[in-house]
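Topology and contacts: notes
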Amino acid sequence: MKCTVVGKRVERKDARAKVTGETIYPSDRSREGMLWVVAVRAAHPHARILSIDTERAAAAAGVVRVLTARDVPGENAFGIQFHDMPVLCSDRVRYLGDVVALVGAESRRAARQAAALVAVDYQPLALLTDPEQALDPATPALHPGGNILHEVHFHKGNISVGFQKSAVIVERSYQLPMMDHAFLETEAGLSYFDENDVLCVESCGQYIYRDRKQIASVLGLAEEKIRVSAEMVGGAFGGKDDITVQIQLALMTYVTGRPAKMVASREESIVAHSKRHPASMWFKTGASKSGKLMAVEARFLSDTGAYASLGGPVLNLMAEHAAGPYLVPHVKVDGHVVYTNNGFSGAFRGFGCTQACVGIESQMDLMARALRRDPLAFRQANVLHQGDAAGLGYEMKTAVGAEPTIRAARAGKLYRQRRRIKKDRTHVSPSLAPFIRRGVGVASQMQGLGLGVGIEDQAEVEVVLGPGGAVRVKVGTTEIGQGAYTAYAQMTAERLGVPLEQVEIVGADTGTCPDSGATTASRTTYAVGNAILLAIAKLEQRRSAWAAQGTGRENLSARANFTVPTQDRQLGDGLPHLLYSYGTHVVLVEVNTLTGEISVEAVEAYLDGGRVVSPLGFEGQSEGGIAQGIGYTLFEEVLLDRGRFLNTNFDTYILPSSKDVPTAIHTVPIEVMEKSGPLGAKGISETCTVGVAPAILNALEDAIGIRFVRLPVRAEDVILAREESPHES
Amino acid sequence: MLRILRLPALDQVIEILSAQESETLLMAGGTDILPRPAALASTRLLIDLSQVAELQGIALDAEGRIRIGAAVTHQEIVDHPLIQRKAQLLSMACSSIGSVQIRNLGTIGGNLANASPAADSLPALVCLAAEVALASPRGIRFLPVSAFILGPGRTARAADELIESVRIPVVTGRRVAFFKKAGQRRGMCCAKASVAMCAHRHGDGRLTKPRVAMGAVAATVISVPAAERVLADRVLTMAVIEEAAAACCEAAQAIDDIRSTASYRRHVVGALLTEGLAEIYDHMQDLARRQARRRRRRS
Amino acid sequence: MKIDLSFTLNGSPINTSVAVDRRLVDLLRDELDLTGTKIGCEEGECGACTVLVDGQAVNSCLFPAPEVDGKHVITIEGLGESDNRLSELQQAFVDQGGIQCGFCSPGMILSARALLNENPNPSQDEIREALGGNLCRCTGYVQIVDSIQTAAARENSDD
């Protein structure tokens, strides 16, 4: 199909307002008479609350109200999957982000000062910070159901037969860090009662309808009495999928009747919001002499911290993606996700695939090395095709783009010319050349799209045709920077045959927009796009019916609902998926063996997310995903000491800067059209980051002969490993 | 109640300081003070030094030393032709402080007063034999930087003294210098360890009067006489470099902290010295080759 | 204690008073309602609050509000051309995809403005150096650097 708007390098719908400073973000909102709200958070990572004394705080200058658990009118708990997080803790705190009181004051300063005056008497409880210890039934439980949130046990074929048939068997353990989303805008929002007595919360969530439902149950209000919006947000990456400030704001406004505003400090943000699950993984994999994958065995121990959030589904996706995009006859996967007092973890771009991919793609390289095979050829020889049985045994029913991405990567410049590129030392002073080592590494990945089997995954939209050809599309998903609104507008313009400028996206307000589902799981281009096309089809049907009757109407609107299709067999919450995006990354790293410093010098990304709707956005997502992958591999780790956070701002939590991401990033779309996708599209917002870490690890082994199994890999680790390694390459 | 005084003249500042009012905080660029609301909360009087005329400017003083006013920003130092010509090492070091935005605000006096072991300007100042000029009702006294810095956040400044300027003796002749820093990333970062070096370069490949100093590997910036002895009056070779690097590793008294480990810091100062000197070695080889070519052409 | 201030903001004179311990970013956002200047870390690490003071890029979270007296301040709101047109620099960010969530963009664009004022023809490395104090979590910086190079080329061809 030929497209005229889709696939073109168009201007983002929101770009103009963002370069002029006109865009209003949650932290920019304010309202006459508003209170500033500051949360009083736990002073201990695990403690019993003996008493809370708010008297001095309430009497402090400028303070209007101090709220505690007693002020919660409805259910004092919330959570995406289980309502296990207290809104305001009354008897126990389980991590430092737990909230015991909310101070509402006339100024932020007054609220902060008063927050320090809330006196809480704690009795510290034994800390649970070691996930292994959480597995021990003798360890005191953090939650009524015990310390194991969820476990998985899957097998396909017979794993011992798989290893018997293997000529090469590789076994390694991997340690993955807790990672912060580090969205540039911290959690923020504004709440108020409008003239109709509806409680409005203008905030930063990734799913306004789920936020509304949770606020309603906490306040004991009907959902219709609450309006939640989150149109433009300063980054999220999954970190704003869990409720952050929404309930706290709503509660303050509900109790005081006054508008309320909250903006988390960076320290508070790093302590309070969810993280990427830290995990330990063990992999044992085998391949035959002829280079056929025979067996993948994996064990995972994931740490969800103090609350469930999406710890179960994240573990499920780790299991689903444990065997990578490969055909493996014998698979065994076991995993646990446990509670600890280590912050809490939840959704983060990649959602378990990120972790699993580090394991399987490291193993693939180790096996290729042992078999003396070309690492991409080895992958290509074992890759999944449509109709094959996936790692957990179900059939890959939709288009599989893994092989084309590998093929394209093999033909790419970096891979073909890697021997020459690795030898290049022209950029360093001659006497230092012997200390510089370069390596090229690859990784392939797949990433489930949508929420998976067993979780409602629908998108409803409304398309309104206005006077003069203006088109308004009302969607419930949030523009968190990913560029989805532009993609929606392009698909709308394409299908209606109108100029892009005539399409306006009205976003993310329960008061005006239908429920389009969550802004997660690489799902929005696919799910919302399909709903838009369905709505347009309805409109056109009506239009032609009217035309046949000879009547015309200017204002015309249609709603449509699209349900993301799933596999018919369910293996767990959100498990498995029917649709996947695919990718292969090729990375060039340079190691300075004097200082141990590692730099990523070039990356090629071959990504299949079906048809590319917005090339500029596609490349931007890919480059940003690569930067986050570099951060995960080389810099980022939330450090905890006995439940306390050690690095709570950007001077110690290190993000890649402009000098740490290479200029030489080349993103190549591999457009394997998805029949069920809108104009053939799927999504790439996660797959673009998932393979980066293992590709860097593989490049490091290529460069200096050392296999790193713990992230992040810092200069310290390079020097230490070289000192310990007996045969330096 | 916090008061702020924005004073235009040095003697006014000194007068206030000598009144010994408690909980007084001196602020120039503010980059180390504003991120710490707690520091401000316990302050009664904030003296803003940014407008004090005598604390501005880069020029030669009466004794022919370079005088850098205490309120001169890092960026002014980086860009100033006199510094680039006569104290290039300081320009190199200051260019690695923070970001452009920080360098436009932060000052040399503030970097000294804050006395962070990881401050990038300090190893350069030590190598350049810089002195801190301290003004008080008793007049001005001069202290070498190494004597001024006593420990993390601790200096020899008396409560009634103000850092007036930094003075750097001007040295003539062909010089070589480098500032190298190991950080947590390539972009804006705090040093895990840093090494500064300067020396005289001679046509026969010798270095004389070498000065080597290191940051973030001890409670204060430290100079490395052992490395200087290795380098002094010797023709620079990779073997000499290796020996000097070992002396740096030996001299480091590093600790573990959130940014790095003691063992890495000890290792990396040697690596940084090696990098810097190897580049100088290659540069000198290059010069010698070019000179030889020129001589051949002439003959 | 409040202190009286007179300064120029985006070309217009401002007379106001501000508490002595306020930062420039507070003055801009809370008192003057210019929310284009963002807050990301409050310690000069992220650069979201970057503004120009007397032509130089500074972190407005590290800049004491009282010190703005007598100075010229430019924020993102003051960067456009008259009649609501975008400046070349802003337009280049729009054209080259230098924007995703947009929260770093005002600071990023002002850092770029300061760079181009000093150096109308910066290299890739010079751009990356100048942006060292501006973190972006979305773009991976490539399209931002492209935007600035595009702007430089367009500005130079206009002359």
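Residues numbered from 1 in each chain as written. Chains lettered and ligands numbered in written order. Predicted model: local features only at pLDDT ≥ 70, side-chain atom pairs only at ≥ 80, totals over all residues.

**Considering the overall build of chain C**
Scanning chain C from terminus to terminus reveals 5 helices and 5 strands. In chain C, the succession of helices and strands from N to C terminus is β-β-α-β-β-β-α-α-α-α. Relative to the compact-globule value of 15 Å for 159 residues, chain C shows a C-alpha radius of gyration of 15 Å, a close match. Dimensions of chain C along its principal axes, counting C-alpha atoms only, are 45 × 30 × 25 Å. The buried share of chain C, reckoned over its 159 residues, is 60%. Sequence separation of at least 24 residues holds for 59% of the intrachain contacts in chain C that already meet a minimum separation of 6. (Helix = DSSP H or I, 4+ residues; strand = E, 2+ residues; numbered from the N terminus. Rg over C-alpha atoms; globule rule 2.2 N^0.38 Å. Buried ≥ 20, exposed ≤ 12 C-beta atoms within 10 Å, placed from the backbone. Contact = placed C-beta atoms within 7 Å.)

**Focus: the domain arrangement of chain C**
All names here are of chain C. Assigned domains of chain C: these are domain 1 (2-78) and domain 2 (82-158). On the domain 2 side, the residues contacting the 14 residues of domain 1 number 13 residues. Residue assignment for the side of domain 1 that touches domain 2 shows that the elements contributing at least two residues are β3 (50-53) and β4 (56-59). Considering every element that reaches the side of domain 1 that touches domain 2, the biggest residue donor is β3, with 3 residues. The class makeup of the residues in the side of domain 1 that touches domain 2 is 7 nonpolar, 6 polar and 1 charged. (Domains from an automatic or database assignment. Nonpolar A, V, L, I, M, F, W, Y, C, P; charged D, E, K, R; others polar.)

**Details of the domain arrangement of chain A**
A common way to express how large an interface is: the accessible area buried when the components associate. All names here are of chain A. Domain assignment breaks chain A into domain 1 (15-23 + 458-563), domain 2 (31-125 + 187-263) and domain 3 (279-451 + 572-724). Domain 1 and domain 2 are separated by 33 Å when their C-alpha centres are compared. If you look at the interface, domain 1 gives 15 residues, while domain 2 gives 17 residues. Class assignment for the residues of the side of domain 1 that touches domain 2 results in 3 nonpolar, 9 polar and 3 charged.

**A short note on the packing of helix α17 (residues 615-635) of chain A against helix α19 (residues 692-704) of chain A**
Residue and element names in this part refer to chain A. It is at 8 Å that the axes of α17 and α19 come closest, and there the two elements cross at 55°. The orientation of α17 with respect to α19, classified from their angle, is oblique. The two elements α17 and α19 meet at a crossing, and its hand is right-handed. Between α17 and α19, the contacting residues are G625, I626, G629, I630, Y632 and T633 on the first element and V692, A693, I696 and L697 on the second. When the residues that make up the contact of α17 with α19 are grouped by side-chain class, the tally is 7 nonpolar, 3 polar and no charged. (Axes fitted to C-alpha atoms, helices over the stretch in contact; angles between N-to-C directions. Parallel < 35°, antiparallel > 145°, perpendicular 65-115°, else oblique. Left-handed = near helix turned anticlockwise from the far one by under 90°.)

**Details of the interface of chain C and chain A**
Taken residue by residue, the interface counts 41 residues in chain C and 44 residues in chain A. Listing elements by their share of the side of chain C that touches chain A, those giving two or more residues are α2 (88-96), α3 (105-118), α4 (124-130) and α5 (142-158) of chain C. Top contributing element to the side of chain C that touches chain A by residue count: α2 of chain C, with 4 residues. Taken together, the residues of the side of chain C that touches chain A sort by class into 20 nonpolar, 14 polar and 7 charged.

**What to know about the nonpolar core**
Core analysis: the largest hydrophobic core is formed by 397 residues, its most contacted members being V103 of chain A together with L89 and C248 of chain B. For this core, the element with the highest residue contribution is helix α12 (residues 262-298) of chain B, accounting for 11 residues. When residues no more than four places from it in sequence are discounted, the contact partners of C248 of chain B are V195, V212, M214, V224, A227, V269, G270 and L273 of chain B. (Core = buried A, V, L, I, M, F, W, Y, C linked by C-beta atoms within 7 Å.)

**Considering the sheet that holds strand β14 (residues 293-305) of chain A**
All names here are of chain A. Spatially, 5 strands are ordered β7-β15-β14-β13-β8 in an open sheet, and the strand pairing comes out mixed. The outermost strands of the open sheet, each flanked by one partner alone, are β7 (148-156) and β8 (168-176). Strand after strand, the sheet turns through a mean of 5° between neighbouring axes, direction not considered. Sheet topology places β8 next to strand β13 (residues 279-287); 9 bridges connect them, and they run antiparallel. Bridging from a neighbouring strand, V168 pairs with A287 of β13. In the packing of helix α10 (residues 353-370) onto the sheet, the strands contacted are β8, β13 and β14, and the crossing angle to β8 comes to about 150°. (Pairing = 2+ DSSP bridges.)

**Quick look at the environment of P123 of chain B**
Note that P123 of chain B resides in helix α8 (residues 121-127). For the pair P123 of chain B and V145 of chain B, spaced 22 residues apart in sequence, the C-alpha to C-alpha distance is 9.3 Å.

**Overview of helix α9 (residues 311-320) of chain A**
All names here are of chain A. Most of α9 is tucked away: 10 of the 10 residues are buried. If you check which residues of α9 are buried, you get G311, G312, P313, V314, L315, N316, L317, M318, A319 and E320. On its buried face, α9 is in contact with β7, β14, β15 (330-339), α10 and β16 (436-448).

**What to know about the interface of chain B and chain A**
Counting residues at the interface gives 22 residues for chain B, matched by 22 residues for chain A. Of all the elements, α12 of chain B adds the most residues to the side of chain B that touches chain A, at 11 residues. Each residue belonging to the side of chain B that touches chain A can be placed in one class, and the counts come to 11 nonpolar, 6 polar and 5 charged.

**Some details on the sheet that holds strand β21 (residues 580-592) of chain A**
Think of a sheet as strands paired side by side through backbone hydrogen bonds, with each pair either parallel or antiparallel. All names here are of chain A. Spatially, β16-β21-β22-β25 is the arrangement adopted by the 4 strands of the open sheet, whose pairing is mixed. The sheet terminates laterally at β16 and β25 (664-669), the two strands that pair on one side only. Sheet twist, expressed as the average angle between the axes of neighbouring strands with direction ignored, equals 15°. Across 10 bridges, the pairing between β21 and strand β22 (residues 598-608) is antiparallel. Along β22, the bridge assignment pairs V589 with V600.

**Some points on helix α7 (residues 246-256) of chain A**
Residues and elements named next belong to chain A. Within α7, 9 of the 11 residues are buried, leaving the element largely enclosed by the surrounding structure. Considered for burial, the residues of α7 that qualify are Q246, I247, Q248, L249, A250, L251, M252, T253 and Y254. A positive backbone phi angle near 75° is found at G257, which sits one or two residues after α7.

**Side note on the environment of I16 of chain B**
All names here are of chain B. Within the element layout of this structure, I16 appears in helix α1 (residues 10-18). A residue is classified by how many C-beta atoms lie within 10 Å of it, and I16, with 18 of them, is partly exposed. Each C-alpha atom, one on I16 and one on A118, is 31 Å from the other, the two residues being 102 residues apart in sequence. Setting aside its immediate chain neighbours within four residues, I16 contacts L5, E21 and I47.

**A closer look at the pairing of strand β1 (residues 35-41) of chain A**
Residue and element names in this part refer to chain A. Burial analysis of β1 places 6 of its 7 residues in the buried class, which makes it a mostly covered element. Both β1 and strand β12 (residues 260-263) contribute to a ladder of 2 bridges, which runs parallel. Looking at β12, one finds that L35 is bridged to A260.

**Some points on the environment of L24 of chain C**
Residues and elements named next belong to chain C. The topology assignment puts L24 in helix α1 (residues 24-31). A residue is classified by how many C-beta atoms lie within 10 Å of it, and L24, with 28 of them, is buried. For the pair L24 and E88, spaced 64 residues apart in sequence, the C-alpha separation works out to 27 Å. Setting aside anything within four residues of it in sequence, one finds L24 in contact with V51, S60, F63, A65 and V68.

**As for the packing of helix α15 (residues 484-496) of chain A against helix α16 (residues 524-549) of chain A**
All names here are of chain A. One way to put it is that α15 packs onto α16 with a least axis distance of 10 Å and a crossing angle of 30°. Considering the angle they form, α15 stands roughly parallel to α16. Pair α15 / α16 crosses with right-handed handedness. Between α15 and α16, the contacting residues are A484, A487, Y488, M491, T492, R495 and L496 on the first element and T524, T525, V528, G529, I532, L533 and I536 on the second. Residue composition of the contact of α15 with α16, grouped by class: 9 nonpolar, 4 polar and 1 charged.

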